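# Analysis of the macromolecular model
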Amino acid sequence: YSFKYEADDIIATLCNNFKNYNIKIIGKDMDLYPLLKNENIELLVFGNNKPQVEYYEKIKIIMLGRITDESMLKNIYSAADLTVVPSRSEVFGQVITESMACGTPVVAFNTTGPMEIIDHKTNGYLAEEFNPKDLAEGIKWIINDNQRWNTLSDNSVLKVKEYFASEVIAKK
């Protein structure tokens with residue numbers, strides 16, 4: 001797949017590693033309608049399983065399946081404006097650190113894993129546990145301010161370099 005986007009495109013990645021995990025992109029609980037007035041939204045979904053996806057007609061969804069090529073993963077994360085990790089539990093959060101290493105802020109629930117990596121409103125957004133409205137707020141909060149996005153992006157890279165770089169991990 002070729003990643004060619006305009007400057008005003010909004011791209012989000014969503015990782016899915018759970019069997020029979022359903023993703024509801026837009027619904028009564030996630031009021032993203034104001035955001036969806038923008039015709040330039042694409043959702044890149046990748047992971048081990050192909051989820052059933054329910055979505056608003058203006059969102060282009062690209063199902064990438066399982067990605068094992070490291071350079072392809074870097075391209076996906078780098079093309080995205082944000083990564084959404086809606087997992088109910090994460091042991092570590094590899095997708096989160098990979099995304100942040102590429103300068104792409106992450107929105108996730110405030111659960112174990114994400115809460116150890118993401119500093120709320122410093123390098124990403126931690127939504128109230130299992131609250132889809134707050135997850136939607138986090139998405140809007142990140143993409144509605146270019147200066148904020150740039151700060152989050154820079155802080156994401158710094159966090160990964162400081163705490164999760166291989167040299168740092170090797171010393172522990």
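Data block above holds the structure.
Small disclaimer: the values here were computed from a predicted structure and weren't measured. (Residues numbered from 1 in each chain as written. Predicted model: local features only at pLDDT ≥ 70, side-chain atom pairs only at ≥ 80, totals over all residues. Heavy atoms only, no water.)

### Some remarks on the overall build of the chain
The line we're drawing: The helix count covers DSSP runs of H or I at least four residues long, the strand count covers runs of E at least two residues long, and both are numbered beginning at the N terminus. The buried label goes to any residue with under 20% of its type's maximum accessible area, the exposed label to any with over 50%, and the partly exposed label to all in between, with areas taken from a 1.4 Å probe on protein chains only. Only heavy atoms matter for contacts: two residues are in contact if any of them lie within 4.5 Å across the pair. Surface exposure here means Shrake-Rupley accessible area, sampled with a 1.4 Å probe, where a residue is shielded only by the protein chains that are shown.
Along the chain, the regular secondary structure elements total seven helices and eight strands. Taking all 172 residues of the chain together, the buried fraction comes to 45%. Pairs at least 24 residues apart make up 55% of the contacts formed inside the chain by residues separated by at least 6 positions. Approximately 9,700 Å² of the chain is accessible, and the part contributed by carbon and sulfur atoms is 47%.

### Side note on the side chain of Ser-156
Definition in use: Polar contact criterion, stated in full: a pair of N or O atoms within 3.5 Å, where within protein one must be able to donate a hydrogen and the other to accept it, and residues adjacent in sequence count only if both atoms are side-chain atoms.
Structurally, Ser-156 is set in helix H6 (residues 146-163). A polar contact of 2.8 Å, which involves the side chain of Ser-156, links it to the backbone oxygen of Leu-152.

### Digging into helix H2 (residues 70-79)
Rule in force here: Think of the arc as the fan of directions from the helix axis to the C-beta atoms.
If you check which residues of H2 are buried, you get Leu-73, Ile-76, Tyr-77 and Ala-79. Around the axis of H2, the buried residues are gathered within 165° of arc, so they sit on the same side.

### Concerning the nonpolar core
When a protein is soluble and globular, its nonpolar side chains tend to lie buried together. The following threshold applies: Note on terminology: a nonpolar core comprises buried Ala, Val, Leu, Ile, Met, Phe, Trp, Tyr and Cys residues joined through side-chain atoms within 4.5 Å.
Counting 18 residues, the largest nonpolar core has Phe-46, Leu-64, Ile-96, Met-100, Val-106 and Ile-118 as the members making the most contacts within it. When contributions to this core are tallied by element, the ones reaching two or more residues are strand S3 (41-46), strand S5 (60-65), H2, helix H3 (94-101) and strand S7 (106-109).

### Looking at H3
In an α-helix there are 3.6 residues to a turn, and that puts residues three or four apart on one side. Within H3, burial applies to Val-95, Ile-96, Thr-97, Ser-99 and Met-100. Following H3 by one or two positions, Gly-103 has its phi on the positive side, about 80°.

### Section: unusual backbone geometry
In this structure, Lys-121 takes a positive phi of about 60° despite not being glycine. Positionally, Lys-121 belongs in the loop between helix H4 (114-117) and strand S8 (124-127). At Phe-130, a position not held by glycine, the phi torsion is positive, near 55°.

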